[in-house]
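Secondary and tertiary structure notes
Residues per chain, in single letters:
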Amino acid sequence: MSGTASLVIVGAGPRGTGFLERLAAALPELYGDRPLDLHLVDPYPPGPGRIWRTAQSPLLWMNSMAEDVTVFTDDTVRLEGPVRPGPTLAAWSGTDGRRFAPRPEQGAYLRWAYERARDALPATVTLHEHRTTALRVDGPREGRQRVWLADRAAPLPADLVVLTLGHLDAEPDAEQRELAGFAERHGLVHVPPGHTADLDLSALPAGEPVLVRGFGLAFVDLMVLLTEGRGGRYEGTADAPVYVPSGKEPVLYVGSRRGVPYHSKLGYALDGERPPLPRFFGPDRVAALLGRDGPLDFRRDVWPHVSHELGWAHYHRLFTAHPERTTGDWAGFAAAWAAAAPGGPGAHDLAGLVAAAVPDPADRFDPDALDHPLDGLRVPDADALQDVLRDYVTADLRRRHDPAHSPDAAVFAAVLSVYGQLVRLGDRIDTDGWWHGFFSYLASGPPGPRLRRLLALSEAGTVRFLGPRLTVEADERHGVFRASSPAVPGAVTEARALVEARLPAPTVTGTASPLLRGLYEDGARATPGGLLAVDPADGRILQRDGRPHPRRIALGPHTTARAGGGFTRPRTGGLAFAQNDAAARAALAFLRDHARRPAAPARTLVPVPAPQRRTEEHHGPHQ
Ligand SMILES: Cc1cc2nc3c(=O)[nH]c(=O)nc-3n(C[C@H](O)[C@H](O)[C@H](O)COP(=O)(O)OP(=O)(O)OC[C@H]3O[C@@H](n4cnc5c(N)ncnc54)[C@H](O)[C@@H]3O)c2cc1C
């Protein structure tokens, strides 16, 4: 066996590419000119990977503006390695920075970034691209690991493994199995949670009602593929589009717990004085939480502080940018707000403080109302509900594009700041439940144009709203799905098709990835919510015995190093970049110190030309 050290990266999407970029940046300093075999395993093309592959419908868009997307570091990122600046998606594509790029375009940008990282590797690195799936990692804790691939009998030897597996499919849970069985017994259609771009939607017939459970980004993808994707088009103006059906679309009846779509993306940037963050939820608060004994509960132990931080950002902005809508001065309010921190002397009268200082309730930060926008709603019939929802979406679009409501943008900035702090809590806290849902609903909603089109589809009758607290029943007697909401007492919608419009939950026990499940069975630790627990310092997988695994690193949405889950905005500290940097440096230091050393090269006095770095490709099915 060769003495060359071997590093295997499984998953070559944005996160695997980001890791590679940091590896190339740090390699000369930390690893010198030692030889390295670098294996990159992914059935999809490296760079875009699965989610951003260029071979997918251009009707699917990013939900971030092109100027807000970068995969390159800048001097705001906490790095030990060198900054390697690069263009945003907008600068790279030379297009309007405020547009929402089609996903294949982002895929091309990621491919370009991948090639740049690959080309930055020194000639001493031999890169092997394996277009296949990794099935299992095993090997002794203190020795070389083995990575078993789907397309070859012998495993890849690995001194270190990096798992950037991203968004994975899940096995159906008990409820989904029941619904699938029900659908099969009655000849109905049931589409379980999945990646919308990968689903076979051909079973949803034209003109037929389809119940859709979930009103987030998976719904938006579904809506696009079943309308424009089936030949429908928009006339009118961008601000007031009118849908012209093709006649091939089903009728989408959509509802969810909240009953409303995620909030529109903000249509303006935060100018002027930025909220001073972090203020109440920074490193000190995190240290205090880490110092507590016993398990931490997000809603009980963390949320009061997070909520206080979000409110702080909101009111800072209101007082500094829109003082005419407040009474008193900022300094006085800020002092009172500080005293009203959870457990503080003024905590009992937070509501009174706000009511006195902010006359208009629309200017107050009310996270409960935000989380339950239709609570208590009762309307006489389904048609009345359609009007309520259209008014809600119209008002949301107006507010989210109006800088007069810039405290909303300050809250968005605070949400990102909070996310950056939460990852320091590692696996002491589960952020995957309510918080991640609230975060996505508030800060990761659809582009404005998508919501305008949703309104047009509603006007055309192609989309019908079902309301909040949606329940779906499997009616065995009549062989149909039945949906209802307490907002429309007595109304029941029947359909022969049900789509679960949401991503599969990323849990180590429910995952359809044998690789991830195998890691867990092999002793990896998970949060109560099922995320793979990793050391916040360098991404090493934590074992149930408390020790980090020296030879296994994991980063990304299936781990506690998930970094907010989206692409980085330029000049915002790029948490994922910092995590990638720390992990790449730890990996190189480990390989340098612990991998098998190659036999000392024979010394020669004759200079030889530097070898060209080799890249070997092993192709699989997905191009
Ligand atoms: C549908 C969708 C849309 C999104 N849109 C946006 C957006 O508009 N803006 C934004 O900021 N964020 C968005 N996100 C957030 C998303 O988290 C990031 O954009 C990004 O995709 C995460 O990168 P990743 O590399 O961690 O995961 P992924 O993109 O999922 O990449 C992981 C890669 O690992 C590979 N892999 C997994 N298991 C194995 C295995 N066993 N063997 C070999 N290879 C394996 C997969 O094939 C895949 O290529 C979106 C997410 C989804 C799911």
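Residues numbered from 1 in each chain as written. Predicted model: local features only at pLDDT ≥ 70, side-chain atom pairs only at ≥ 80, totals over all residues. Heavy atoms only, no water.

Let's shift gears to the layout of surface pockets. What the second largest pocket holds in volume is close to 920 Å³. In terms of residue count, the dominant contributor to the lining of the second largest pocket is helix α7 (residues 298–321) (six residues). A breakdown of the residues in the lining of the second largest pocket according to their chemical character gives 25 nonpolar, four polar and seven charged. (1 Å grid on protein atoms, 1.4 Å probe; cavity = no way out; pocket = protein on both sides within 12 Å on 5 of 7 lines; lining within 4 Å. Points joined across faces, edges and corners; volume = space filled by probe spheres on them. Helix = DSSP H or I, 4+ residues; strand = E, 2+ residues; numbered from the N terminus. Nonpolar A, V, L, I, M, F, W, Y, C, P; charged D, E, K, R; others polar.)

Bringing the sheet that holds strand β13 (residues 463–467) into the picture now. Taken in spatial order, the five strands of this open sheet run β8-β17-β9-β12-β13, and their pairing is parallel. At either margin of the open sheet sits one strand with a lone partner, and together these are β8 (189–191) and β13. Averaged over all pairs of adjacent strands, the angle between strand axes in this sheet comes to 20 degrees, irrespective of strand direction. Here strand β12 (residues 251–255) pairs with β13 via four bridges, running parallel. Residue pairing for β13: Tyr253 is matched across the bridge by Arg464. The strands touched by helix α5 (residues 217–226) are β9 (209–213), β12 and β17 (497–500); relative to β12, the strand with the most contacts, the crossing angle is about 170 degrees. (Pairing = 2+ DSSP bridges. Axes fitted to C-alpha atoms, helices over the stretch in contact; angles between N-to-C directions. Contact = heavy atoms within 4.5 Å.)

Another aspect to go through is the packing of aromatic side chains. Scanning the model with the defined rule gives 27 aromatic pairs in all. Plain terms: the ring middles of Trp434 and Phe438 are 5.0 Å apart, the flat faces sit at 10 degrees to each other, and that makes the pair stacked. Of this pair, Trp434 and Phe438 both sit in helix α13 (residues 434–443), four residues apart, which is roughly one turn of that helix. In this structure Trp434 comes out as partly exposed when scored by relative accessible area, which is 22%. Cation over ring: Arg279 sits above Trp312, and NZ or CZ is 5.2 Å from the ring centre. Between the NZ or CZ atom of Arg544 and the centre of the ring of Tyr520, over which it lies, the distance is 4.6 Å. (Phe/Tyr/Trp six-rings, centres within 6.5 Å; stacked < 30°, edge-to-face > 60°. Buried < 20%, exposed > 50% of the residue type's maximum accessible area, 1.4 Å probe, protein only. Lys NZ or Arg CZ within 6 Å of the ring centre and 35° of its normal.)

If you look at the biggest cluster of nonpolar residues, it comprises 86 residues, and the most contacted ones within it are Phe219, Val306, Leu310, Tyr315, Trp435 and Leu454. Element by element, the count of residues in this core is highest for α7, at ten residues. Leave out the neighbours within four places in its chain, and Phe219 touches Val212, Gly214, Leu252, Val254, Leu454 and Ala501. (Core = buried A, V, L, I, M, F, W, Y, C linked by side-chain atoms within 4.5 Å.)

Moving on, we come to the packing of helix α12 (residues 407–422) against α13. Between α12 and α13, whose axes approach to 10 Å, the crossing angle comes to 150 degrees. The angle between α12 and α13 places the two elements in the roughly antiparallel class. Once α12 is placed against α13, the crossing between them reads as left-handed. Contact with α12, carried on its side by Val411, Phe412, Val415, Leu416, Val418, Tyr419 and Leu422, involves Trp435, His436, Phe439, Leu442 and Ala443 of α13 and no other residues of that element. Counted by class, the contact of α12 with α13 contains eleven nonpolar, one polar and no charged residues. (Parallel < 35°, antiparallel > 145°, perpendicular 65-115°, else oblique. Left-handed = near helix turned anticlockwise from the far one by under 90°.)

Quick look at the site of the ligand now. The immediate surroundings of the ligand are formed by 31 residues, with Asp42, Asn63, His167, Gly565 and Phe567 found nearest. In this structure, an oxygen atom belonging to the ligand sits 2.8 Å away from a main-chain N or O atom of Arg50. One nitrogen or oxygen atom from the side chain of His167 is found 2.7 Å from an oxygen atom belonging to the ligand. In isolation the ligand offers 990 Å² of accessible surface; the protein chains occlude 90% of this area. (Near = heavy atom within 4 Å. Polar contact = N/O pair within 3.5 Å; in protein donor to acceptor, adjacent residues only side chain to side chain. Areas by Shrake-Rupley, 256 points an atom, 1.4 Å probe, with all protein chains shown as cover.)

The two faces of a sheet get side chains in turn, since along a regular strand they alternate between them. Going residue by residue along strand β7 (residues 160–163), you find Leu160 and Val162 tucked away on one face and Val161 and Leu163 tucked away on the opposite face as well. Here four bridges tie strand β1 (residues 5–10) to β7, and the two strands are oriented parallel to one another. In the strand pairing of β7, Val8 is matched with Val161. For β7 and strand β19 (residues 548–554), the ladder comprises three bridges, and the chain directions are parallel. Within the sheet, the bridge partner assigned to Val162 lies in β19 and is Ile553.

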